[in-house]
Amino acid sequence: MCLCSFALFNLIICKTKIILNKINNFSDDLYEISDWEIKKGGKSYTVDTLREFKKLYPEDKLYLFMGDDMLLSFHKWYKYDEILKLCTLVCGGRSGECEKLSQMKEYAENVLKLNKDEIVICESEPIEISSTEIRESLKNGEADFLNSSVYEYIKTRGLYCE
C-alpha cells in the first residue's frame, strides 16, 4: 500500500506534465518549460516566480498566459499590481463570445487600469473535448489527438488508465 500526501501527488502530476510537454516538442528557442516552482517547494505565488525569472532573464519580456476566468478575478491575486509590472498578460477568450471578450477588455481597462499595449486578449477556438473524454479515449487505446511519443510515454507508464 502506498500513501501519498496531496502535495506529493501534485508534485508527481506536475513532473509528469513537464515530461509530456517536453516529449511533445513543446520547448524551443522562444520558450521553455521550467520546473523552478517544483524544485523551490513550498507555497508558490505567481509574483515570486516572475521575480525569479526577471532575475534570470533581465532583458527579456515576460508573458503570463491565462484564461478569461482567471483574468476576471485577477485583482484578487496576491500582489497583482507587482505582477502587472513584471509581465504582460496574455488572455484567451473563446471566439464568438463577443460579450465575454468585451467584458475582458473593459475589466483590463477599468479595473486593472491597463492600456491596450499592456495586455493581449486573444480569441481562440475552443477544443471540443473534455478531460474525461480524453481519459476515456486513452483507456480505449484511441489517441489520435496526441503526438505518438506522448502516447507511448503514457501507455508504457500506465498513466490515465484508471
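Going by the structure above, here's the rest.
Here the structure is a predicted model, which is why all the values come from computation and not from measurement.

K.L.:
I would appreciate a short explanation of the nonpolar core in the present structure.
P.N.:
A general feature of soluble globular proteins is that nonpolar side chains tend to end up buried together. Judged by nonpolar contacts, the single largest core of 21 residues is most densely connected at L71, F74, L89 and L112. For this core, the elements supplying multiple residues, two or more each, are α3 (46–56), β1 (63–67), α5 (80–86), β2 (88–94) and α6 (98–110). Per-element accounting of this core gives the leading share, four residues, to α6. Judged by nonpolar contacts, the second largest core, of five residues, contains L138, A143, V150 and Y151.

K.L.:
Help me understand the environment of E106 in this model?
P.N.:
Assignment of secondary structure puts E106 in helix α6. Residues E106 and L72, spaced 34 residues apart in sequence, show a C-alpha to C-alpha distance of 9.9 Å.

K.L.:
Looking at this structure, how should I read the pattern of salt bridges?
P.N.:
Where charged atoms of side chains with opposite charge meet at close range, the side chains can pair. Scanning the model with the defined rule gives two salt bridges in all. Among the salt bridges present, the one from D48 reaches R51, with a minimum N-O distance of 3.0 Å. Here D48 pairs with R51, and both are found in helix α3, just three residues apart, close to one helical turn. When its relative accessible area of 29% is taken as the criterion, R51 is described as partly exposed. Of the charged contacts in the structure, one is a salt bridge between E82 and R51, with a shortest N-O distance of 2.7 Å. With E82 in helix α5 and R51 in helix α3, this pair connects stretches of sequence that are 31 residues apart. When salt bridges with common partners are traced through the structure, they connect D48, R51 and E82 into a single cluster.

What counts, and where the lines are drawn
Residues numbered from 1 in each chain as written. Predicted model: local features only at pLDDT ≥ 70, side-chain atom pairs only at ≥ 80, totals over all residues. Heavy atoms only, no water. Core = buried A, V, L, I, M, F, W, Y, C linked by side-chain atoms within 4.5 Å. Buried < 20%, exposed > 50% of the residue type's maximum accessible area, 1.4 Å probe, protein only. Helix = DSSP H or I, 4+ residues; strand = E, 2+ residues; numbered from the N terminus. Salt bridge = Lys/Arg side-chain N within 4 Å of Asp/Glu carboxyl O.

The quantities given are spatial measurements derived from coordinates; they are silent on function.
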